[in-house]
Amino acid sequence: MGRFDRYLLSQLMTLFGFFSLVLIMVYWVNRAVALFDQLISDGQGMWVFVEFTALSLPAIIKLVLPLSAFVASVYVADRLSGESELVVVQSTGFSPARVMRAVMVFGLIAVVMVQILAHVLVPLSNQRLNIRQAEVTQTATARILRAGEFMTPIAGVTLYIRNITPEGELQDVFLSDSRASLADTIYTASRAYIVRTERAPQLVMVDGSIQNLSHQTERMSFTTFSDFAYDLSSILPSVDPAALSLRNATTLQLLLARDEMTLLFGADNIRTEIHDRLSEPLLGLIGPLLGFATLLIGGFSRFGLSRQIAAAVGLVILVKMIESTATGAIRRDAGLWWTLYLPAVFGLGITGLLLFLAARPLLSRRISALLTFWRGRPA
């Protein structure tokens, strides 16, 4: 790389790091506030909060990096134009395409970073987060087992346990469930046990009764039982740490998908997930190219490049709209995975057109004048 390329790349990387840090902090604080309220109010310690927010960072970084790359390229192009550095460089014989070489390298660096996040780091963090959520759920299950207290795990459910033996037997259990709008139900048992199952913990009650009061008939039914299992999943939703999930599997695991995963999700969905991870990071290249190329058309202006900046933002929004349309099409038909690459193709095409116009300033000015005349023409 030439001296100018190294200079431009250093400017882009510096501002890329700054804007990434700012945007990550904004997204992280927004995520952390909701997570803090959820975990702390649930009785978890500060370390659990820190661990959960740290595990959510890779997904936030993957989301932020393409945006910060675009912002950095627009900011650098605007500053270089305002300080006439671009004019000096182009007067020495640098074509717009030649100026964009460092931007291309910068965009490829951003793509590689997002690819690593999408294929490896985000799935691994999701796996770890799933395991920790299961452990926290088990801790929450243990917290409802307090003797001599009336506990309300969720609205409409009240639980009372007179005593808990060292062996884990619950003695004299009272459970009131009034969540149903048509009836209230009360469970009582002389003994009970918490039994772990694959899906959710079960409260197995022994030698008890069920009292059900119907609001429609205003009658109470009374049933005795020798043993009865009450599903605690509605009180404490369970999380299976070993559950298969596309978002929790690395790309290598998807490529080497076992028969179980293929049967569960389908080969088309697995292929679509892989292509989604390959195509999404390409926005880290398209954003900087669109931003920088759009500002190259403006040339030098003492009034700034506000119109070109607005146009660059509009083009990126258009690319994101195409991406959203492609995502919607894939949800209807997984065979349309190739549409995921349309935003990148569109972005590269627009970038090529912008560079063509930037290399021909006279043509660009004529088109701009024609558009201005067309907008001012009376209807």
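Residues numbered from 1 in each chain as written. Predicted model: local features only at pLDDT ≥ 70, side-chain atom pairs only at ≥ 80, totals over all residues. Heavy atoms only, no water.

1. Some remarks on the packing of aromatic side chains
Taken as a whole and judged by the stated rule, the model has 7 aromatic pairs. Measuring from ring centre to ring centre gives 5.9 Å for F19 and Y75, while their planes differ by 65°; the resulting arrangement is edge-to-face. Of the two residues, F19 is situated in helix α1 (residues 3–41) and Y75 in helix α2 (residues 46–82); the sequence distance between them amounts to 56 residues. Residue classification places F19 among the buried residues on the basis of a relative accessible area of 16%. Pairwise contacts between aromatic rings join Y187, F225, F228 and Y230 into one cluster. (Phe/Tyr/Trp six-rings, centres within 6.5 Å; stacked < 30°, edge-to-face > 60°. Helix = DSSP H or I, 4+ residues; strand = E, 2+ residues; numbered from the N terminus. Buried < 20%, exposed > 50% of the residue type's maximum accessible area, 1.4 Å probe, protein only.)

2. As for the sheet that holds strand β3 (residues 170–177)
Within the open sheet, the 6 strands sit side by side as β1-β2-β3-β4-β5-β6. Their pairing is antiparallel. The outermost strands of the open sheet, each flanked by one partner alone, are β1 (150–151) and β6 (220–231). Pairing of strand β2 (residues 157–164) with β3 involves 7 bridges; the strand directions are antiparallel. Within β3, the position partnered with I164 by the bridge is L170. (Pairing = 2+ DSSP bridges.)

3. Describing the nonpolar core
Residues L8, M100 and F292 are the most contacted members of the largest nonpolar core, which totals 45 residues. Looking at this core, the elements that each hand over two or more residues are α1, α2, α3 (85–91), α5 (101–143), α9 (283–298), α10 (306–332) and α11 (342–358). Looking at this core, the element that brings in the most residues is α9, giving 9 residues. Apart from the residues within four sequence positions on either side, F292 is in contact with L8, S73, V76, A77, L80, L86, V99, M100 and V103. Of all hydrophobic cores here, the second largest spans 16 residues; its members include V173, A189, A192 and F225. (Core = buried A, V, L, I, M, F, W, Y, C linked by side-chain atoms within 4.5 Å. Contact = heavy atoms within 4.5 Å.)

4. As for the pairing of strand β4 (residues 183–195)
In the sheet, β3 pairs with β4 via 7 bridges, with the strands oriented antiparallel. Counted as the bridge partner of L175 is Y187 from β4. Connecting β3 to the antiparallel partner β4 that follows it, the hairpin turn spans 5 residues. Pairing geometry for β4 and strand β5 (residues 202–214), over 12 bridges, is antiparallel.

5. Description of the pattern of salt bridges
On inspection of all chains with the given rule, the structure shows 13 salt bridges. Salt bridges sharing partners connect three or more residues here, namely D5, R98 and R101. (Salt bridge = Lys/Arg side-chain N within 4 Å of Asp/Glu carboxyl O.)

6. Topic: unusual backbone geometry
Residue D207 is not a glycine yet carries a positive backbone phi of 55°. Mapped onto the fold, D207 is located in strand β5. Classification of D207 by relative accessible area gives partly exposed; the value is 44%. Residues other than glycine seldom take positive phi values, yet E218 does so here, at roughly 55°. Positionally, E218 belongs in the loop between β5 and β6. You can call E218 exposed: its relative accessible area is 68%.

7. Structural notes on a nonpolar patch on the surface
A surface patch of nonpolar side chains, amounting to about 530 Å² of accessible area, comprises F18, V22, V26, Y27, L63 and L67. Counting residues per element, the ones that place at least two in the nonpolar patch are α1 and α2. When residues of the nonpolar patch are assigned to their parent elements, the largest contribution, 4 residues, is made by α1. (Patch = residues over 30% accessible without salt bridge, like charges linked within 9 Å, V, L, I, M, F, W, Y side chains within 5 Å. Areas by Shrake-Rupley, 256 points an atom, 1.4 Å probe, with all protein chains shown as cover.)

8. Details of empty space enclosed by the protein
For the coordinates displayed, the defined rule picks out 3 cavities of 30 Å³ or more. Roughly 100 Å³ of internal volume is contained in the largest cavity. Taken together, D276, S279, E280, L282, L283, I286, E323, T327, L340, Y341, P343 and A344 form the lining of the largest cavity. Of all the secondary-structure elements, those providing two or more residues to the lining of the largest cavity are α8 (267–279), α9, α10 and α11. The class makeup of the residues in the lining of the largest cavity is 7 nonpolar, 2 polar and 3 charged. (1 Å grid on protein atoms, 1.4 Å probe; cavity = no way out; pocket = protein on both sides within 12 Å on 5 of 7 lines; lining within 4 Å. Points joined across faces, edges and corners; volume = space filled by probe spheres on them. Nonpolar A, V, L, I, M, F, W, Y, C, P; charged D, E, K, R; others polar.)

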